[in-house]
Each structure stands twice: as C-alpha cells, then as structure tokens.
Amino acid sequence: MPAVAAWITAVWILLLAVHDAAHGNYSEDQCTWRGSGLSQQKGSVEQISLHCSEGTLEWLYPKGALRLTLSPRLPSVAVGPGGGSSSGLITACVKPSEQFHGAQLYLEREGVLELLVGDRLESSPPPRVRCFSRLPGEKVALFLQATPHQDISKRIASFRYELRGDWTARLSLDSNNISSEDACRPCNNTEILMAVCTSDFVVRGNIQSVEEDENLKAAVIKVSATRVFRQKYALFTGNSRLTSKGDIRTLLQCGVRPGPGSFLFTGRVHFGEAWLGCAPRYKDFQRAYTVAKAAQQIPCELPID
C-alpha cells in the first residue's frame, strides 16, 4: 500500500506540472518568469514574486495585469562618485525589449502608479532603460497593465531587471535626477581603493578613442587594456597576449576625451555593458595604493607593478 500511495502522489505532481506548463505561467527559477495572458481571467491581476538581483520577465499575449515584487539578496554596495554609503537605498533598473508591445509598465510606490514604459507603436523608437530607487521599508512593486488590442497574437511585453544596493551606475542611463557634478567628479583615494575591491572590472589601459552612443546618450570609451586584473564577464578580449580591447560607457556630460597616459578603469556591468566608476591615472593609483599599504589601510590586495 505505501508503494501505491507514493505512485498516486507522483502522478498528481506530474499532472500539476503539466497543467502549469499548459497554461504557460511559471517561474523558471527565482530570477525569471514567463507566462501567457491567455490563461488569465478578464480583469484579474496575477501576483508574481522574484528573488534575484537580476533576471527577466516575458509576458506573451498580455491580458489583464501582472503585479511583480522583487525581494533579492543584494550584492555588496558599489563605490564611486555619488555612492558608497550605507544608507540602505536600493536602486533598480528595467530594460524593456526593443519589441515591447501590448502593455504599459508602471512603478507602484505606496499605492501610487508612475508610468515607466508605455505601449509603443510600430514606428516608435526602442524604449529606454528606466531606473528608480527605494528606501528601506518602502513598499514598491512593478505593475504591468495590458492595453486593449484586437489582435494580441504578436504582442509580447518583456524586460530585464537589475537591482543593487547604493548603486550609482544608473546615473549613466537615467540622468535626469542628478547633476553632472555628482556623476563626473573624480574619486578620492578612499573611493579608488574600495572600487578596486568591489567593482565588476578592474583594468589598466589607455583611451584609444571616444564615440557617442545616440540611443543611450552616453560616451563610449574605446579602451586598449594592457592588464586585466579582474572582470566579471568577458568585457575585454583580444588575440594578443599583451593587449585586449573593450568598451566602457559613461555620461556625455563628463566630457571624456582621448589622450596620452595609462589609467586604472573600474566600474559596474549593467545589462551586459561596462559602465565607468572610478578611473584615476595609473600613476596616481599606484601612489595612493603604496601609501595605504604602508599604513596597512588597503581594503584588498592588488598585484601592481
């Protein structure tokens, strides 16, 4: 009898799994959700909760509404101009797909809705990355409302999200709320030394050229890297054993220009792209590092020349 009961339980679990797959609404993991509005009742709001610091949501044939809460375990704070405090502030960014259709995305803050991404027309430019912050204890959610369409067969509302504690990489993408003075000021020695320990990439290199990214309204720094101390992703690559190449983005207002000299580039990876944090001249970093190491005040070791 115990074997029969176990078999019946297994069958019920399988049937439930098939039912969920057929309706198409499920979380592939704690980071990603994919579902279909066809399984939702008219006027319903489906509640979703994800628990990662980055992931994706894909809503096919939007119908009704979704309410998404994000409660991740966040990585360590970022350090750089305007950041590095321990205020508990959480910054989130959403990057809609270029073919975002069929819904409007709102930020729900304490019961009040703020439009982040509208339902775009076929001829509209791709939607921009949108960022927002919340304080500890503040109730925040993302609310997706389907827009009426006679033909929803080609409508897909999808986006990627990222959350970080005290993260200022958003300054490069959603700069309306900050001054260029805050975003572009040089890091002090304490911030530089901490950035070496906490950044997604730490690279020594030279600026080859600076181009403009019109979509992001950002400057793209073309870097020839002579040494890659650390990189979270394959940002700087090349065939040569001595040098590799990569791109780093920053605000246009910061006025970065190509010129001579070696720099230590640090920063964060944002939706697969490198964004600049602290970038002192390498000789200035060496001097600060040597002084701090002699005083036993360096937060982490770096094998400098």
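Here we summarise the structure given alongside this text. Since the structure is predicted, the reported quantities are computational estimates derived from the model, not experimental observations. (Residues numbered from 1 in each chain as written. Predicted model: local features only at pLDDT ≥ 70, side-chain atom pairs only at ≥ 80, totals over all residues. Heavy atoms only, no water.)

**A few points about the packing of helix α3 (residues 189-198) against helix α4 (residues 282-294)**
Each packed pair of helices is defined by two parameters, the angle between the axes and the distance between the axes. The following threshold applies: Lines are fitted to the C-alpha atoms to define the axes, a helix being fitted only along its stretch in contact, and any angle between axes, read from their N-to-C directions, falls within 0 to 180 degrees. Think of it this way: any DSSP run of H or I at least four residues long counts as a helix, any run of E at least two long counts as a strand, and we number them from the N terminus. When an angle is under 35 degrees it counts as roughly parallel; over 145 it counts as roughly antiparallel; between 65 and 115 it counts as roughly perpendicular; any other value is oblique. Contacts are residue-level and defined by heavy atoms, with any inter-residue pair within 4.5 Å sufficient. Under the convention adopted here, Pro, Cys and the residues Ala, Val, Leu, Ile, Met, Phe, Trp and Tyr are nonpolar, Asp, Glu, Lys and Arg are charged, and Gly plus all remaining residues are polar.
The N-to-C vectors of α3 and α4 enclose an angle of 90 degrees; their axes lie 10 Å apart at closest approach. Looking at the two axes, α3 sits roughly perpendicular to α4. Contacts between α3 and α4 involve Asn189, Ile192, Leu193 and Val196 on the former and, on the latter, Phe285, Ala288, Tyr289 and Ala292. Residues belonging to the contact of α3 with α4 are distributed by class as follows: 7 nonpolar, 1 polar and no charged.

**A word on the nonpolar core**
We apply this condition: Here, the term nonpolar core denotes a set of buried Ala, Val, Leu, Ile, Met, Phe, Trp, Tyr and Cys residues that are joined through side-chain atoms within 4.5 Å. Burial here depends on accessible area, computed with a 1.4 Å probe over protein chains only, as a share of the maximum for the residue type. Under 20% is buried, over 50% is exposed, and the range in between is partly exposed.
Ranked by size, the top nonpolar core spans 27 residues in total, and within it Leu57, Trp59, Leu105, Leu142 and Phe159 carry the most contacts. Taken together, the elements giving at least two residues each to this core come down to β3 (45-50), β4 (54-60), β5 (65-70), β6 (90-96), β7 (103-109), β8 (112-117), β10 (140-146) and β11 (156-165). With residues up to four places along the chain from it excluded, the contact list for Leu142 reads Leu66, Arg67, Leu68, Leu70, Val94, Leu105, Tyr106, Leu107, Leu116, Phe132 and Phe159. Membership of the second largest hydrophobic core comes to 15 residues, among which are Cys187, Ile192, Leu193 and Leu302.

**Quick notes on the sheet that holds β3**
We apply this condition: Between any two strands, pairing holds if DSSP finds at least two bridges.
Reading across the sheet, the 5 strands line up as β3-β5-β10-β7-β8 and stay open at both edges, with mixed pairing between neighbours. In this open sheet, the two strands that pair with only one neighbour each are β3 and β8. Direction aside, the axes of adjacent strands within the sheet are offset by 25 degrees on average. Note: β7 against β10, 7 bridges, orientation antiparallel. Following the sheet pairing, Arg109 is matched in β10 by Val140.

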